[in-house]
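Inside the fold
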Amino acid sequence: MPPAHSTAHSGPARKEEDSAGLVPKVVRALGTSVATWRNGSLRKGERRSVEGWVEGLRGLRLEGWVIDPAAPAEKLEVELLLDRHSLTRDVADRFRQDLADAGKADGHCGFSLAVPFDALRGRRGTLSVRETRTGQLLRTVGDAALEIDHMLAVEGCLEGIDGGFAAGWVRAPVVGEAALSVALWIDGELVETGEASVARNSGMGFRLRIPDAYHDGRPHEFAVTLAGREGQAIDRLVAISPLIMTPFDALQLHAGTAHLKGYLSAIGPWRYESMRQALLQLTRTAAEDADGGRLAARLNALVHGHEQAVRGFRNPSRSFPLISFEIPAAPMVTVVIPVHNQFEVSYHCLASIAAAPNRASFEIVVVDDGSTDETLRLPEIVHGVTLVRHAHAAGFVDACNAGAARARGQYIVLLNNDTEVATGWLDELLDPFTRFAGVGLVGAKLVYPDGRLQEAGGLVWGDGSAWNVGRGGNPGDPRYNYTRQVDYVSGACVMLPTSLWRSLGGLDRHFAPAYFEDTDLAFRVRAAGCKTVYTPFCEVIHHEGLSNGVDTAGSGLKRFQAINEPKFRARWASVYRGHGTLGRDTPNLMQDRFVDQRALMLDSQTLTPDQDAGSYSGLQEIRLLQSLGFKVTFVPSNMAYLGGYTDALQRMGVEVVYAPFAFSMAEVLDRRGDEFDLVWIARHSVADQVIERVRARCPRAKVVLNIHDLHFLRELREALAGTDPSLMQHALATRDTELAVMRKVDLAVSYSEVEQAVVLSHNLASTRMATCPWVVDASGEVPGFEQRHGIAFLGGFGHRPNAGAVEWFVREVMPHLREKLPGVVLRVYGSKVTPQISALAAPDVLIEGYVRDVNTVYDRARVFVAPLLTGAGLKGKVIGAFARGVPTVMTPTAAEGTGARHGLEARIATRPDEWVNAIVALHTDAAAWQHMSGAARDLARERYSFEHGRETMMSALQAAGVFTSASHRALCPLVLEPGPL
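Computed from a predicted structure; not experimentally measured.

If you trace the backbone, Gln308 turns up in helix H4 (residues 293–311). In this structure, the C-alpha to C-alpha distance between Gln308 and Pro321, residues 13 residues apart in sequence, is 9.1 Å. Beyond its immediate chain neighbours, meaning those up to four positions away, Gln308 contacts Phe313, Tyr347, His348 and Ala351.

Structural data, given as structure tokens:
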């Protein structure tokens, strides 16, 4: 059909502008670009064509459409290329009315591919789009190449969202000081154009109006380009647009308490989460509180605490409802709060504590450091706190030391009175002490009341100057949201063990009355052999400057900041001298203290260890790398933030990169590739997508591919076990791809020696192979024979071999087992249960589905079964059973690579009668059961311990040319959590 023009497209109307030779006008052409393809599922010789166009650039997106005329409902995948390099992929399933009007797949066939920002800023080449099944390029409207090799040299910055405007500057050296036309794009839509015409030192400034529709309190991608040159990118940022322009502190002063809406505050989400968690706790304790007294008191504290947080301490109302705290007999934590006048500020802090629930018990010690205001009435207004009173102000150092002297808790927290805490803040401060070895001091993420980041830990440069990491930045940025070691943490909110505090003698009076005492404390903690750690999961609002002001040159307490800085530098010069140079070294690299090397881990998705064994092994490999001194950066190919799963990685000390802070693995590699010593890629399919870019962007990194299991071997076994000849064709195609990518890496690792032999038999010397360790923690004590009953299977049903195994076992083994062991129950556990698996349910076949803690599976069953007929690689479920001491019956395929011997650590069966005999023997013979249980645990301890895994990992890395040591000070978790918190 000939091209048909249409203006139907979502978003505001845009006038057509000349694109200065970069691209033609964006034309909504509905013509046909034909490409042929072959697919293994088609009959030999059958050909199909795809139909579609690349229409052009709109902002930072390349748009068009594509369909398969023979199957118009099928959604096709398209890939954006810069020359021959893949930038991103997406499915062409966007609805457009113009396409629907033209009869193209009901309009659901459009694509809008985000062009990575760096590809449009200083890069040269040709953009194109191909349909991934054909490998063929789609035609461009007008047949004009999308060249970006003649772009105007331009510099600029989108500095931020200033009220209702996007503000920044731009400079084009060839234009000089002349005004430049700029365009604002929000979420890929052109919303405003204007002139950059205000002369500034950096260039020509601009302020582009943000349409009302985007003031919705939600995150948006803001991008600025030169107007008329849509591919000429200036800058972009992701920010939350404001719901209103009135500052929240002005509402607190003038709007009246009854009309305040807490969600309008930039820190409203923190307050909401505190209240939500507190209400959940109250519902759990209500049943225990028959007379309602204790529950009523807690509810009263919650409501008044939350209302005070919303009202704020600047509010003209000076009413202070009673706050009551429980006084535990043996508190876990003592919270020390030094105060001096400004009672409304201190009351606000205490109210926030009352409204923020914690699992940890705590007491509060308030040190009144010579106050003369309403602080003198604190015992009347706040019950359940210990009050220490100084007749005259002694300063922060002496006040903290005096309060800590009264501590009964195992840990001491120093908390400024100009702070507001959030739910679980104490639990989060405690977490690193139990998660990592040798932690001595933990500090919080500090956030300004307007939602900007104040500090994500601190570093001290080689000249002794202090630096607040991330100051003024986005507190949601992944760079600031993983646990890590730092040089110091600000004393506004820190925790340390009471025993360590007392051994150090508290804060050093050398820095009295205040300033640099917290930095000195961190250095003394480290000198005592302990770690100073920042946790982003304790989020504290800090109204900085309320206590002591911000003027270091005046006569107030703040002047001691300048007085004490030379004292600190003189004391610790030999320690910080090698800490890098301010202005030369990158703060984002320097913020990671005490790491020997840096590893980038690329995987298909965020790790979900409670759902699949591959994710469990990935977490263990991260732990092993950390134990060898690596800082690990993890990037999932889908770039998704996955809630508790992402949090679990970040708690381990892993930096996780996700959208909108990066939109592809390619973008991460382009921006940061040169910082990594090791690139660890999980799965050959991921490696196939990124290996060329890894080689180009990570010049000094060694590349290791963990094949997980040999996909083509698994597929070959499935093909041999089935009757569909197309399965064999698919397996052979997988073989070629898998073996080819292994030849492009420095090392390929596998859990199975059998798989290593298969790879070497094909690739010979072109691929270097090594063993990848599998780690489990063998149990010392397990439930005995009499405490267990029945048999169990465990495996995610998103993995085809698991589904086939259960179906075969229920069909072939269970009928005979019912005769020999009447009443014995098979429990089937695993995520992603399919309807076919659910249909197998019977009185003695219980489909239990997903289970949070797999140890409950192992500890309940008397016999574990692994009837896998196909598959490849090491079977994590089997090793888990060994570690928990449950005797296992399995097929030779399941036993492959485990090291288990038939009759000793496990029973290996093939025919149904062998399966029945083995299960009956283990289920009825206590002595045989006990012997095999002990042997299996011994095997797990010898072959799958963390210590053995670290040696194996070290050897594998050496084979790749990466040399490490177990002697270092990097963070490494002591335990591995099975899933999201």
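Turning our attention to the packing of helix H16 (residues 684–697) against helix H18 (residues 725–742). As a packed pair, H16 and H18 sit with axes 9 Å apart at the nearest point and diverge in direction by 60 degrees. Our classification of the angle between H16 and H18 gives oblique. Seen from above, H16 lies across H18 with left-handed handedness. Mapping the contact onto sequence places His684, Ala687, Asp688 and Ile691 in H16 and Thr734, Thr737, Glu738 and Val741 in H18.

Ile622, Phe809, Phe882 and Ile919 are the most contacted members of the largest nonpolar core, which totals 91 residues. Among the elements that take part in this core, helix H20 (residues 800–812) stands out by supplying six residues, more than any other. Ignoring anything within four residues of it in the chain, the contact list for Ile622 reads Met601, Leu607, Val632, Phe634, Leu649, Met652 and Val654. If you look at the next biggest cluster of nonpolar residues, it comprises 46 residues, including Cys400, Phe523, Phe568 and Tyr576.

Read across the sheet, seven strands follow the order S35-S34-S33-S36-S37-S38-S39 without closing on themselves; strand pairing throughout is parallel. In this open sheet, the two edge strands, each paired with only one partner strand, are strand S35 (655–656) and strand S39 (769–771). For strand S36 (residues 678–682) and strand S37 (residues 702–706), the ladder comprises five bridges, and the chain directions are parallel. Each bridged residue has a counterpart across the sheet, and for Leu678 the counterpart in S37 is Lys702. H16 rests against strand S33 (597–603), S36 and S37 of the sheet, and its axis sits at about 155 degrees to S36. On the sheet, helix H19 (residues 753–763) packs against strand S38 (747–750) and S39 and is oriented at approximately 180 degrees with respect to S39.

This part is about the pairing of strand S31 (residues 493–497). Most of S31 is tucked away: five of the five residues are buried. Along S31, one buried face is formed by Cys493, Met495 and Pro497 and the opposite face, lined by Val494 and Leu496, is buried too. Looking at chain direction, strand S24 (residues 411–415) and S31 are connected through five bridges and run antiparallel. Across the sheet, Leu415 pairs through a bridge with Cys493, a residue of S31. As paired elements, strand S26 (residues 439–447) and S31 share two bridges and run antiparallel to each other. In the strand pairing of S31, Gly443 is matched with Val494.

Before going further, it helps to spend a moment on the packing of aromatic side chains. Under the defined criterion, the tally for this structure stands at 19 aromatic pairs. Both rings, one in Trp808 and one in Trp915, keep their centres 6.2 Å apart while their planes meet at 65 degrees; by these two values the pair is edge-to-face. With Trp808 in helix H20 and Trp915 in helix H26 (residues 912–924), this residue pair connects regions lying 107 residues apart in the sequence. Judged by its relative accessible area of 12%, Trp808 falls in the buried class. Taking NZ or CZ as reference, Arg452 lies 4.6 Å from the ring centre of Tyr448, over its face. Above the ring of Phe537, the side-chain terminus of Arg651 is found at 4.0 Å from the ring centroid.

Looking now at the packing of helix H10 (residues 517–527) against helix H11 (residues 560–576). At a minimum axis distance of 11 Å, the contact between H10 and H11 shows a crossing angle of 40 degrees. Taken together, the axes of H10 and H11 are oblique relative to one another. By crossing handedness, the relation of H10 to H11 is classed as left-handed. Contacts from Thr519, Asp520, Phe523, Arg524 and Ala527 of H10 reach H11 at Phe568, Arg571, Trp572, Val575 and Tyr576. When the residues that make up the contact of H10 with H11 are grouped by side-chain class, the tally is six nonpolar, one polar and three charged.

Relative to the 20 Å expected for 14 residues at 1.5 Å per residue, H16 spans 19 Å between its end C-alpha atoms, a close match to the ideal helical length. Along H16, the helix axis deviates most sharply at Val690, where the bend reaches about 55 degrees. All buried positions along H16 are accounted for by His684, Val686, Ala687, Val690, Ile691, Arg693 and Val694.

For the protein, per-residue confidence averages 85 on the pLDDT scale, and 89% of positions sit at 70 or higher. When the criterion is pLDDT under 50, residues 1–46 qualifies, and its contacts beyond four places in sequence or with other chains add up to 114 contacts.

Moving on to the pattern of salt bridges. Under the criterion given, the structure shown has 51 salt bridges. With a closest N to O distance of 2.5 Å, Arg818 and Asp844 form a salt bridge. One end of the pair, Arg818, is in helix H21 (residues 814–820); the other, Asp844, is in the loop between helix H22 (835–838) and strand S42 (845–849), with 26 residues separating them in the sequence. Its relative accessible area of 33% is what places Arg818 among the partly exposed residues.

Leaving glycine out, the prevailing phi sign among residues is negative, and the prevailing peptide bond configuration is trans. A cis amide bond, omega 5 degrees, links Ala512 with the succeeding residue Pro513. Mapped onto the elements of the fold, Pro513 is located in the loop between helix H9 (498–504) and H10. In this structure, Asn341 is a non-glycine residue whose phi angle is positive, near 55 degrees. Locating Asn341 in the fold gives a position in the loop between strand S20 (333–339) and helix H5 (343–355). Unusually for a residue other than glycine, Lys832 sits at a positive phi of about 55 degrees. Its place among the elements puts Lys832 in the loop between strand S41 (826–829) and H22.

Quick look at H18 now. For H18, built from 18 residues, the straight-helix expectation of 26 Å at 1.5 Å per residue is met to within 8% by its first-to-last C-alpha distance of 27 Å. Every buried residue of H18 is accounted for by Ala731, Thr734, Glu738, Leu739, Val741 and Met742. Viewed end-on, H18 has its buried residues packed into an arc of 155 degrees, placing them on one side of the element. Of the surrounding secondary structure, the elements contacted by the buried residues of H18 are H16, S37, helix H17 (711–721), S38 and H19.

Following the sequence through the fold, Ala405 ends up in the loop between helix H7 (396–404) and S24. Residue classification places Ala405 among the exposed positions, given a relative accessible area of 59%. In this structure the C-alpha to C-alpha distance between Ala405 and Val336, which are 69 residues apart in sequence, comes to 9.8 Å.

Turning to the side chain of Thr375, a few remarks are in order. Along the chain, the position of Thr375 falls in the loop between strand S21 (362–369) and helix H6 (378–381). Setting aside its immediate chain neighbours within four residues, Thr375 contacts Val339, Asn341, Phe343, Asp368 and Arg389.

So, on to the environment of Ser346. By secondary structure assignment, the location of Ser346 is in helix H5. The buried category is assigned to Ser346, whose relative accessible area is 4%. Sequence separation between Ser346 and Asp418 is 72 residues, and the spatial gap between their C-alpha atoms is 6.6 Å. Non-local contacts of Ser346, meaning those with residues more than four positions away in its chain, are made with Val339, Asn341 and Asn417. Here the side chain of Ser346 touches Asn417 through a polar contact of 3.0 Å, side chain to side chain.

Now for the pairing of S33. The element S33 is largely enclosed, with a buried count of seven among its seven residues. Residues Gln597, Ala599, Met601 and Asp603 line one face of S33 and the alternating positions Arg598, Leu600 and Leu602 line the opposite face, and both faces are buried. In the sheet, S33 pairs with strand S34 (residues 630–636) via seven bridges, with the strands oriented parallel. Paired with Asp603 across the two strands is Pro636, which belongs to S34. Crossover connection from S33 via helix H13 (residues 613–627) to parallel S34: handedness right-handed. Where S33 meets S36, four bridges bridge the pair, whose relative direction is parallel. For Met601, the partnering residue across the bridge sits in S36 and is Trp680.

Conventions and cut-offs
Residues numbered from 1 in each chain as written. Predicted model: local features only at pLDDT ≥ 70, side-chain atom pairs only at ≥ 80, totals over all residues. Heavy atoms only, no water. Helix = DSSP H or I, 4+ residues; strand = E, 2+ residues; numbered from the N terminus. Contact = heavy atoms within 4.5 Å. Axes fitted to C-alpha atoms, helices over the stretch in contact; angles between N-to-C directions. Parallel < 35°, antiparallel > 145°, perpendicular 65-115°, else oblique. Left-handed = near helix turned anticlockwise from the far one by under 90°. Core = buried A, V, L, I, M, F, W, Y, C linked by side-chain atoms within 4.5 Å. Buried < 20%, exposed > 50% of the residue type's maximum accessible area, 1.4 Å probe, protein only. Pairing = 2+ DSSP bridges. Phe/Tyr/Trp six-rings, centres within 6.5 Å; stacked < 30°, edge-to-face > 60°. Lys NZ or Arg CZ within 6 Å of the ring centre and 35° of its normal. Nonpolar A, V, L, I, M, F, W, Y, C, P; charged D, E, K, R; others polar. Expected span 1.5 Å × (residues − 1). Bend = angle between axes of the 7 residues up to and from the residue. pLDDT = per-residue confidence, 0-100. Salt bridge = Lys/Arg side-chain N within 4 Å of Asp/Glu carboxyl O. Arc of directions from axis to C-beta. Polar contact = N/O pair within 3.5 Å; in protein donor to acceptor, adjacent residues only side chain to side chain. Right-handed = clockwise from strand over helix to strand, strands pointing away.

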